[in-house]
Amino acid sequence: MSFVGAAQSAFYTVIVQHKRAAWTIGFNIDFWSTIYGGIVISGLVVFIQLWCTEQKGPVFVTMFNPLSTILVAILAYFVFGEKLYMGSIIGAVIVIVGLYLLLWGKEDHKSERNDEEKCSTIKREQLEDHMMPKLASNATGFKAQT
């Protein structure tokens, strides 16, 4: 996935930027920020996605994609001074709402029932463990007072 994105970016940049100076990266902050962004941040993102997949399943990993879209738009506006157009904002809202509706429709109701069954089983076992000593003491021959 990262390789395809890098190839697309390189292809676009070759078309837009023809100067060789734009392509040279020395051993300065440009090089180290590229390495950091490519290796460390990508590794962190993959780790978080795998953890989320393990906790909730693969459908819920896509839940965080709209957040990245929103953050990129906000940062591009404030940091780079890019203009936001009404059409792109409305389109982004439609895509994000559609994705969350899809996730809401795919919500796993079976796991909620399993959690409720586990909880009731645990409560029943705790109740039995709590009541067993009292029943055993009554069964030793002592009559309960009436």
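Residues numbered from 1 in each chain as written. Predicted model: local features only at pLDDT ≥ 70, side-chain atom pairs only at ≥ 80, totals over all residues. Heavy atoms only, no water.

Asker: I'd like a rundown of the overall build of the protein chain, residues and numbers included.
Answerer: Scanning the protein chain from terminus to terminus reveals five helices and zero strands. N-terminal to C-terminal, the α/β element order of the protein chain is α-α-α-α-α. For the protein chain, the residues scored as buried account for 5% of the 146 residues in total. Looking at the protein chain as shown, the accessible area adds up to about 13,100 Å², and 69% of this sits on carbon and sulfur atoms. (Helix = DSSP H or I, 4+ residues; strand = E, 2+ residues; numbered from the N terminus. Buried < 20%, exposed > 50% of the residue type's maximum accessible area, 1.4 Å probe, protein only. Areas by Shrake-Rupley, 256 points an atom, 1.4 Å probe, with all protein chains shown as cover.)

Asker: Summarise the packing of aromatic side chains; cite the residues concerned and give the values.
Answerer: Enumeration according to the criterion identifies three aromatic pairs in this entry. On the numbers, 4.9 Å between centres and 75 degrees between planes, the contact of Phe31 with Trp32 is edge-to-face. The interplanar angle of 80 degrees and the centroid separation of 5.0 Å between the aromatic rings of Tyr77 and Phe78 together place this pair among those described as edge-to-face. One aromatic cluster is present, formed by Phe27, Phe31 and Trp32 through successive ring pairs. (Phe/Tyr/Trp six-rings, centres within 6.5 Å; stacked < 30°, edge-to-face > 60°.)

Asker: I'd like a description of the UniProt feature "transmembrane region" (unreviewed entry) in the protein chain, backed by residues and values.
Answerer: UniProt annotation of "transmembrane region" (unreviewed entry) refers to residues 31–52, 59–78 and 84–103 when read in the numbering used here. As annotated, residues 31–52 comprises 100% helix and 0% strand, and the C-alpha atoms at either end are separated by 31 Å. Within the segment residues 84–103, helix and strand shares are 90% and 0% respectively, and the terminal C-alpha atoms sit 27 Å apart. (UniProt positions renumbered as here; feature names shortened; annotations may be inferred.)

Asker: Now, about the packing of helix α3 (residues 65–78) against helix α4 (residues 86–105): what can you tell me, with residues and values included?
Answerer: Two elements in contact, α3 and α4, have axes whose closest approach is 10 Å; the angle formed by their N-to-C orientations is 160 degrees. By the criterion of interaxial angle, the relationship of α3 to α4 is roughly antiparallel. Our pair here, α3 against α4, has a crossing hand that is left-handed. Counted together, Pro66, Leu67 and Ile70 of α3 and Ile96, Leu99 and Tyr100 of α4 form the full contact between these two elements. Within the contact of α3 with α4, the residues separate by chemical class into six nonpolar, no polar and no charged. (Axes fitted to C-alpha atoms, helices over the stretch in contact; angles between N-to-C directions. Parallel < 35°, antiparallel > 145°, perpendicular 65-115°, else oblique. Left-handed = near helix turned anticlockwise from the far one by under 90°. Contact = heavy atoms within 4.5 Å. Nonpolar A, V, L, I, M, F, W, Y, C, P; charged D, E, K, R; others polar.)

Asker: Kindly report on the environment of Leu99, identifying the contributing residues and their values.
Answerer: By the secondary structure assignment, Leu99 is in helix α4. The exposure class of Leu99 is partly exposed, given its relative accessible area of 21%. On a C-alpha basis, the gap between Leu99 and Thr62 in space is 8.2 Å, while along the polypeptide they are 37 residues apart. Once you skip the residues sitting within four places of it in the chain, Leu99 turns out to touch Thr62 and Pro66.

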